[in-house]
Amino acid sequence: MTIEVWSWPTPNGHKVHIALEELELPYKVVPVNIGKGEQFRPEFLAITPNHRIPAIVDPEGPDGRRVELFESGAILIYLAEKSGRLMPSDPVERYKALQWLMFQMGGVGPMFGQYNHFAAYAPEKIPYATERYGNEVKRLHNVLEKRLSQSEYLAGKDYSIADIATFPWVRNPDRRDIDLAEYPAVKRWHDAIAARPAVQRGVAVLSENQRSGPMNDEERELLFGKTQYQRR
Ligand SMILES: N[C@@H](CCC(=O)N[C@@H](CS)C(=O)NCC(=O)O)C(=O)O
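### Topic: the overall build of the chain
Point 1. Counting its secondary structure elements, the chain contains 10 helices and four strands.
Point 2. In the chain, the succession of helices and strands from N to C terminus is β-α-β-α-β-β-α-α-α-α-α-α-α-α.
Point 3. Taken against the 2.2 N^0.38 rule, which gives 17 Å for 232 residues, the C-alpha radius of gyration of the chain at 18 Å falls within 12% of a compact globule.
Point 4. The C-alpha extent of the chain, read off along each of the three principal axes, is 50 × 45 × 30 Å.
Point 5. Counting across all 232 residues of the chain, residues that qualify as buried make up 51%.
Point 6. Once local pairs closer than 6 in sequence are excluded, the contacts in the chain between residues at least 24 apart make up 64%.

Below is the structure:
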């Protein structure tokens, strides 16, 4: 049975595309153009009240029951458990995989995202904000560097959903003014993951829609203006 992936080519979308490519599970992408406000459509809100991609619908979940899920971390855990792969079998490494997945979801994603916002999208430059989030981006890279200088992958010796969650955020380091040469273990890990054929297929999903250049007024309004904050 085909899993529906409601998504767009952003780091949180890439995570799910990469996992599905690694697992070779049949899936169909339903594009949700977040620059055109498609995240606010009723059919998407019926799956996720948070109106953010990614979300999945698996018509054949546990015991044949339909599963609808949002939050990329929960989706990665679901896919790993469904397939029995991408999660270490060793119980200690399994908790490590969950720990680093939470570190990505609670730290890397939100902090890097805020840095992108203030460095690239804010209409005025606010030095306190760019400095605060820029410092967090560097601190989080230092944490990753420390871990990856002691361990091949984030969870341990095996590639796992923790790596899949983190890779799309570490890719394109220049967007966050990061030079990976300063983080050699992160660079070693990044290059190994970037070379995986499934990762290359995953980041290519919907890539023809990848946004580039400055944000237009419509996108700005949808993502950061009244439409975004309307009560639904
Ligand atoms: N914690 C969520 C974050 C999802 C998220 O922020 N998605 C962004 C794209 S990366 C989005 O859909 N933005 C649309 C909007 O802000 O309206 C997850 O990991 O799934």
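### Observations regarding the pattern of salt bridges
Point 1. Scanning the entire structure with this criterion turns up 13 salt bridges.
Point 2. For the salt bridge of R196 with E22, the shortest nitrogen-to-oxygen distance reads 2.8 Å. Taken together, the positions of R196 in the loop between α7 (184-194) and α8 (197-204) and E22 in helix α1 (residues 11-23) put the pair 174 residues apart, joining distant regions of the chain.
Point 3. On the basis of relative accessibility, which here comes to 26%, the residue R196 falls in the partly exposed class.
Point 4. In this structure, the salt-bridge partner of D158 is K157, at a minimum N-O distance of 3.8 Å.
Point 5. Residue K157 is classed as exposed on the basis of its relative accessible area of 52%.
Point 6. Each of the salt bridges in this network shares a partner with another, and the network as a whole consists of E93, K157 and D158.

### Here's the deal with the site of the ligand
Point 1. For the ligand, the full set of nearby residues is T10, N12, I34, Q39, R52, I53, P54, E71, S72, M105, L223 and Q228.
Point 2. The contact in question runs from an oxygen atom of the ligand to an N or O atom on the side chain of Q39, over 2.8 Å.
Point 3. Taking S72, its side chain carries an N or O atom lying 2.6 Å from an oxygen atom of the ligand.
Point 4. Look at the ligand: alone it shows 510 Å² of surface, and the protein chains cover 82% of it.
Point 5. Residues belonging to the shell around the ligand are distributed by class as follows: five nonpolar, five polar and two charged.

### With respect to helix α5 (residues 127-148)
Point 1. In this model α5 runs 31 Å from its N-terminal to its C-terminal C-alpha over 22 residues, within 8% of the 32 Å that 1.5 Å per residue would give.
Point 2. Every buried residue of α5 is listed here: A129, Y133, G134, E136, V137, L140, H141, L144, E145, R147 and L148.
Point 3. The secondary structure elements touched by the buried residues of α5 are α4 (91-121), α6 (161-170) and α7.

### A few points about the environment of D163
Point 1. On the secondary structure map, D163 appears in helix α6.
Point 2. We classify D163 as buried; its relative accessible area is 0%.
Point 3. Considering only alpha carbons, one finds D163 and E136, 27 residues apart in sequence, at a separation of 19 Å.
Point 4. If we skip the residues at most four places from it in the chain, D163 touches Y153, L154, D158, W189 and I193.

Cut-offs and rules
- Residues numbered from 1 in each chain as written.
- Predicted model: local features only at pLDDT ≥ 70, side-chain atom pairs only at ≥ 80, totals over all residues.
- Heavy atoms only, no water.
- Helix = DSSP H or I, 4+ residues; strand = E, 2+ residues; numbered from the N terminus.
- Rg over C-alpha atoms; globule rule 2.2 N^0.38 Å.
- Buried < 20%, exposed > 50% of the residue type's maximum accessible area, 1.4 Å probe, protein only.
- Contact = heavy atoms within 4.5 Å.
- Salt bridge = Lys/Arg side-chain N within 4 Å of Asp/Glu carboxyl O.
- Near = heavy atom within 4 Å.
- Polar contact = N/O pair within 3.5 Å; in protein donor to acceptor, adjacent residues only side chain to side chain.
- Areas by Shrake-Rupley, 256 points an atom, 1.4 Å probe, with all protein chains shown as cover.
- Nonpolar A, V, L, I, M, F, W, Y, C, P; charged D, E, K, R; others polar.
- Expected span 1.5 Å × (residues − 1).

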